[in-house]
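# A structural walkthrough
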Amino acid sequence: MLDTAETHNIPYQYYVSKGGTDAGAAHQLKEGIPSGVIGMVARYIHTHQTIFHIDDYEAALEMVKQVILNLDRSTLDTISLKK
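## Quick word on the overall build of the protein chain
The secondary structure content of the protein chain amounts to four helices and zero strands. Long-range contacts, defined here as pairs at least 24 residues apart, represent 45% of the contacts in the protein chain between residues at least 6 apart. Across the protein chain, the 7 positively charged side chains and the 10 negatively charged ones have centroids separated by 10 Å.

Written as structure tokens, this is what we have:
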């Protein structure tokens, strides 16, 4: 994901967390499920009026698009424990 962001000039902040999303648990299931989160900084996320910067939204959206467009068998084999 970092290579994708850098290749396509998508701004990002790298952050490692012990969990907090479903990816935190998914990567530990069975033999492990490769997981990553594309998240955005926002205020008041558990309310009906979440506030975020539109540039962050657009960067996250572009990241999702590029990850999907560049996901191929070679990439899956690289991140998968099953080869």
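Moving on from the coordinates now.
## Details of a nonpolar patch on the surface
Taken together, the side chains of Met40, Phe52, Ile54, Tyr57 and Leu61 present a nonpolar region at the surface, about 420 Å² in accessible area. Along the chain, Phe52 falls in the loop between α2 (22-26) and α3 (54-69). On the basis of relative accessibility, which here comes to 38%, the residue Phe52 falls in the partly exposed class.

## Looking at the confidence of the model for the protein chain
For the protein chain, per-residue confidence averages 86 on the pLDDT scale, and 94% of positions sit at 70 or higher. Mean pLDDT in the protein chain bottoms out at α2, which sits at 74, and peaks at α3, which reaches 95.

## Some thoughts on the packing of aromatic side chains
Applying the stated criterion across every chain, the model contains one aromatic pair. Where Phe52 meets Tyr57, the ring centres are 6.0 Å apart and the plane angle is 35°; that geometry is what we call tilted.

## A look at the environment of Ala60
Looking at the element boundaries, Ala60 is found in helix α3. Setting aside chain neighbours within four positions, we find Ala60 in contact with Ile38 and Met40.

## Quick word on the side chain of Thr4
Within the secondary structure, Thr4 is located in helix α1 (residues 2-7). Overall, Thr4 belongs to the buried group, its relative accessible area being 15%. Setting aside anything within four residues of it in sequence, one finds Thr4 in contact with Ile10, Met63, Gln66 and Val67.

## Observations regarding the pattern of salt bridges
Taken as a whole, this structure holds one salt bridge when the rule is applied. The partner of Asp77 in a salt bridge is Arg73, with the nearest N and O atoms 3.6 Å apart. With Asp77 and Arg73 both in helix α4 (residues 73-79), this residue pair falls four residues apart, about one helical turn. Here Arg73 falls in the exposed class, since its relative accessible area comes to 58%.

What counts, and where the lines are drawn
- Residues numbered from 1 in each chain as written.
- Predicted model: local features only at pLDDT ≥ 70, side-chain atom pairs only at ≥ 80, totals over all residues.
- Heavy atoms only, no water.
- Helix = DSSP H or I, 4+ residues; strand = E, 2+ residues; numbered from the N terminus.
- Contact = heavy atoms within 4.5 Å.
- Lys, Arg positive; Asp, Glu negative; His and termini not counted.
- Charge placed at Lys NZ, Arg CZ, Asp CG, Glu CD.
- Patch = residues over 30% accessible without salt bridge, like charges linked within 9 Å, V, L, I, M, F, W, Y side chains within 5 Å.
- Areas by Shrake-Rupley, 256 points an atom, 1.4 Å probe, with all protein chains shown as cover.
- Salt bridge = Lys/Arg side-chain N within 4 Å of Asp/Glu carboxyl O.
- Buried < 20%, exposed > 50% of the residue type's maximum accessible area, 1.4 Å probe, protein only.
- pLDDT = per-residue confidence, 0-100.
- Phe/Tyr/Trp six-rings, centres within 6.5 Å; stacked < 30°, edge-to-face > 60°.

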